[in-house]
Amino acid sequence: MDWDKEEIKRILPHREPFLFVDRIVSIEGNERVIAVKDINGDEAFFRGHFPGRPIMPGVLIVEAMAQTSLILYHVCKPEVAKTRPEYYLGRVKAEFLHPVYPGDRLFIEVKGVKITDNAGVVDALARVEDRIVARASLVFGVRKTS
Amino acid sequence: MTDGLDEIRQLVSDVTEVPVEKLTPDADFFRDLNIDSLKAIEIVAAFEKKYKIVIPEDDIPNIRTIRNIMEYLDKKRE
């Protein structure tokens, strides 16, 4: 199964230039989602990070993980997700292992640890080919909008 | 009641960064220790992982103290 960007936009409130999920390439039950983000080099952040030596900022890899987590949340809690709640990041514990460059295809894998109506705890890792470039655990909150 | 009091306090301390000595059996996580709801979910996730149990969502609001956790784990082991 594959979700394209239009389908992703139906779930995520994020939009370019702050949408860091291009495709969903795997959903394993309520447990795991794998997303892809192609880093093509045109991204605005490369102009400043860094001039002449473009490297994807680690915090944006974490953002891609957080956005993929919301796809997982939608799969696990469709009734809550369809009410369009507000999502907010509560805690991130991350390790950055290798730089990500223009031309890389970033695979973001998110595994649910605990998902409830009000929050989610997930483990995430980012890969370029077979190399793990970052891993993190994330905790996010879900606030119902009235 | 379980004899794993120290183990439970240490695990809660690791997750919340509340010093172990403040984690008395009846201190309320929210009222007395300033632990927020996201940290509470992390506590639940940590206990599920360590003790290989599933804590249903409906039970989470009842887990507010170290004593609640000890009693909950004892019940799960029965």
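All figures in this text were calculated on a predicted structure; none of them were measured in a lab.

Overview of the pattern of salt bridges
Residues and elements named next belong to chain A. Applying the stated criterion to the full structure yields 18 salt bridges over all chains. Between K5 and E16 there is a salt bridge, and its shortest N-O distance comes to 3.2 Å. In this pair, K5 sits in helix α1 (residues 5-11) while E16 sits in the loop between α1 and β1 (23-28), placing the two residues 11 residues apart along the sequence. We classify K5 as partly exposed; its relative accessible area is 22%. On the accessibility criterion, E16 (41% relative accessible area) is partly exposed.

Considering the packing of helix α1 (residues 5-16) of chain B against helix α2 (residues 37-51) of chain B
Residues and elements named next belong to chain B. For the pair α1 and α2, interaxial distance at closest approach is 9 Å and the crossing angle is 135°. As judged from the angle between their axes, α1 and α2 are oblique. Judged by the twist between their axes, the crossing of α1 over α2 is right-handed. Contacts between α1 and α2 involve E7, I8, L11, V12, V15 and T16 from the former and K39, E42, I43, A46, F47, K50 and Y51 from the latter. Broken down by class, the residue content of the contact of α1 with α2 amounts to eight nonpolar, one polar and four charged.

Some remarks on the pairing of strand β5 (residues 119-128) of chain A
Residues and elements named next belong to chain A. The buried fraction of β5 amounts to seven of the 10 residues, a majority that puts the element mostly inside the structure. Bridge count between strand β4 (residues 105-115) and β5: nine bridges; the pairing is antiparallel. The residue of β5 that forms the bridge with I108 is A126. What sits between β4 and β5 in their antiparallel hairpin is a turn of three residues. The sheet contact formed by β5 and strand β6 (residues 131-143) spans 10 bridges and is antiparallel. The residue bridging V121 from the neighbouring strand is V139, located in β6. Between β5 and the antiparallel strand that follows it, β6, lie two residues; E129 among them carries a positive phi value of about 55°.

Rules of the game
Residues numbered from 1 in each chain as written. Chains lettered and ligands numbered in written order. Predicted model: local features only at pLDDT ≥ 70, side-chain atom pairs only at ≥ 80, totals over all residues. Heavy atoms only, no water. Salt bridge = Lys/Arg side-chain N within 4 Å of Asp/Glu carboxyl O. Helix = DSSP H or I, 4+ residues; strand = E, 2+ residues; numbered from the N terminus. Buried < 20%, exposed > 50% of the residue type's maximum accessible area, 1.4 Å probe, protein only. Axes fitted to C-alpha atoms, helices over the stretch in contact; angles between N-to-C directions. Parallel < 35°, antiparallel > 145°, perpendicular 65-115°, else oblique. Left-handed = near helix turned anticlockwise from the far one by under 90°. Contact = heavy atoms within 4.5 Å. Nonpolar A, V, L, I, M, F, W, Y, C, P; charged D, E, K, R; others polar. Pairing = 2+ DSSP bridges.

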